[in-house]
Amino acid sequence: MELPYAEPYKIKMVESINRSTKEQRLKWIKKANYNLFNLTSDKVFIDLLTDSGTGAMSDKQWAEMMIGDESYAGSSSFLKLKKTVKKITGFKYFLPTHQGRAAENVLFSALVKEGDIVPGNSHFDTTKGHIEFRKATAIDCTIDEAFDTSKIHPFKGNIDIQKLKSVFKKYPAKKIPLVILTITCNSSGGQPVSVQNVKEVSKLCKQYNVPLFFDSARFAENAYFIKKREKGYESKTIKEIAKEVFSYGDGMTMSAKKDGLVNMGGFIALNSKEIFKQATVFNIMFEGFITYGGMNGRDMGALAIGLDEATEFNYLESRVEQVAYLGNKLVEFGVPVQQPIGGHAIFLDANKFVPNIPREEYRAQALAIEIYVVGGIRGVEIGTVLADRDPITRENRYPELELVRLAVPRRTYSNNHMDYIAVALKNIYDTRNEAKTGYVITEEAPIMRHFTTKFKKV
Ligand SMILES: *Cc1c(COP(=O)(O)O)cnc(C)c1O
């Protein structure tokens, strides 16, 4: 028999988590105005709200924390990180920021103006928020296959070249400051982008003289999928694949809270000296001096180690295959999930899961609440609440997919936890034809509303 994969680590420290009863959770979620972001962590048993900053650091990362250099300028921890970023991405210039959206804020301050167009593959919510905040427009050019959750396609994060071409034809190049390719594509389900597609997008961008930037939060997981699925990459290392992908672009933004394996951090890396110079000004204004940019020295040291560990095959195999383990259990139970299973999360298809709750009553939000009540499991809505209102008409925007995301933190939960989650979901799915509650919004913020929206039962 072939040996199965197993975690390439053992546990040195544990953290207790609290179990609770259904009655307690019903009370708590009501008090939280039916917004899962409002629950304190002691009221959650398995926290799948996000895989962002929730992973476990290694002993080597913790050791690095102890020797962090907290010098304001030119700290050795900064130099360590700079060297690692160069080694892994190949980009010439580098600016640390406190997290991914800060990198977006700094970069877009230099590049994006009112009236601009920023094409990409299903921009992440903070990315879109930073574009729209500048009165520019994000255009989604993702391939159509991504919007059919049951369609099997190896690279559902890919950009549709024809869609991108028509954006380039419709708007003058000076209105398009950059194209953003998100790897893996978070919003369409943690789905990867192929090297082939990166090359085609890159070629088109060069033809129209538009810079290509990667939103690289999960670039290592993307490289793992390329190794497993794309012809010609089977025997390349993750580091070789990642570097090749980056070589087709002009720069990147990074939320290090994902594939950086740290709890906080981010950066920008790029090749253009001119854009680097402009971004530097905003980095100093918003983040801090260019050799720390909102991060502690010790955190930069831990990130340098984290980037190295996250781009090792054995780690990535156990990480991505754990997510697949959960996903495959759900498929076995008949639960409707986005397929193929993404790299960091399971996406439940609420349109198929709870079709009897009208979309106007936020069915994916309703499902997320049900999962919490039944199992003490916290996921997040990726549907109408997250899609926000149209900035002009202020009407709800109904996205093609109503999803609940169950994001799996890195190196944190065991497969026993995955079994528990799968059974909780099976139980909910088996009772899907019973009457279910929808919700109405009682209070919301003008932008990025999902964090603070208050709901009540219909
Ligand atoms: C998390 C994330 C961001 C934003 O990063 P933060 O560190 O949360 O600010 C941007 N893009 C993608 C694809 C992400 O997953």
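Up top is the structure.
Computed from a prediction, not measured in an experiment: that's the story for all the values here.

Cut-off values and rules
- Residues numbered from 1 in each chain as written.
- Predicted model: local features only at pLDDT ≥ 70, side-chain atom pairs only at ≥ 80, totals over all residues.
- Heavy atoms only, no water.
- Helix = DSSP H or I, 4+ residues; strand = E, 2+ residues; numbered from the N terminus.
- Buried < 20%, exposed > 50% of the residue type's maximum accessible area, 1.4 Å probe, protein only.
- Contact = heavy atoms within 4.5 Å.
- Areas by Shrake-Rupley, 256 points an atom, 1.4 Å probe, with all protein chains shown as cover.
- Lys, Arg positive; Asp, Glu negative; His and termini not counted.
- Charge placed at Lys NZ, Arg CZ, Asp CG, Glu CD.
- Near = heavy atom within 4 Å.
- Polar contact = N/O pair within 3.5 Å; in protein donor to acceptor, adjacent residues only side chain to side chain.
- Core = buried A, V, L, I, M, F, W, Y, C linked by side-chain atoms within 4.5 Å.
- Expected span 1.5 Å × (residues − 1).

Here we look at the overall build of the chain
Okay, step 1: Within the chain, the secondary structure is distributed over 16 helices and 14 strands.
Okay, step 2: Along the first, second and third principal axes, the C-alpha atoms of the chain reach 60 × 55 × 45 Å.
Okay, step 3: Expressed as a percentage of its 458 residues, the buried residues of the chain come to 55%.
Okay, step 4: By sequence separation, contacts in the chain at least 24 residues apart represent 72% of the contacts at least 6 residues apart.
Okay, step 5: Only carbon and sulfur atoms are counted for the fraction: they give 54% of the accessible area of the chain, which is about 19600 Å².
Okay, step 6: Separation of charge centres in the chain, based on 64 positive and 54 negative side chains, amounts to 2 Å.

Here we look at the environment of D299
Okay, step 1: Relative to the elements of secondary structure, D299 occurs in helix α11 (residues 297-310).
Okay, step 2: C-alpha separation for the pair D299 and I428, spaced 129 residues apart in sequence, amounts to 41 Å.
Okay, step 3: Once you skip the residues sitting within four places of it in the chain, D299 turns out to touch M65 and V262.

Quick look at the site of the ligand
Okay, step 1: Neighbouring the ligand are 14 residues; Q99, R101, D215, S255 and K258 lie closest to it.
Okay, step 2: Contact between the ligand and Q99: an oxygen atom at 2.8 Å from a side-chain N or O atom of the residue.
Okay, step 3: When the ligand is considered free in solution it has 380 Å² of accessible area, and contact with the protein chains removes 97% of it.
Okay, step 4: At three residues, helix α4 (residues 100-111) tops the list of elements feeding residues into the shell around the ligand.

Some thoughts on the nonpolar core
Okay, step 1: By size, the foremost hydrophobic cluster in this structure holds 58 residues, and its most contacted members are V179, F214, F219, F267 and L307.
Okay, step 2: Counting 46 residues, the second largest nonpolar core, distinct from the first, contains V335, F353, I421 and I428.

Describing α4
Helical periodicity: at 3.6 residues per turn, an α-helix aligns residues three or four positions apart in one direction.
Okay, step 1: Taking 1.5 Å per residue as the helical rise, α4 with its twelve residues ought to reach 16 Å, and the 16 Å between its terminal C-alpha atoms agrees with that figure.
Okay, step 2: Across the twelve residues that make up α4, a large majority, ten, are buried.
Okay, step 3: Of the residues making up α4, those classed as buried are G100, A102, A103, E104, N105, V106, L107, F108, A110 and L111.

Looking at the side chain of S75
Okay, step 1: Among the secondary structure elements, S75 is positioned in the loop between α2 (59-66) and α3 (76-89).
Okay, step 2: A relative accessible area of 0% places S75 in the buried class.
Okay, step 3: In this structure the side chain of S75 is engaged in a polar contact, spanning 3.1 Å, whose partner is the backbone nitrogen of F78.

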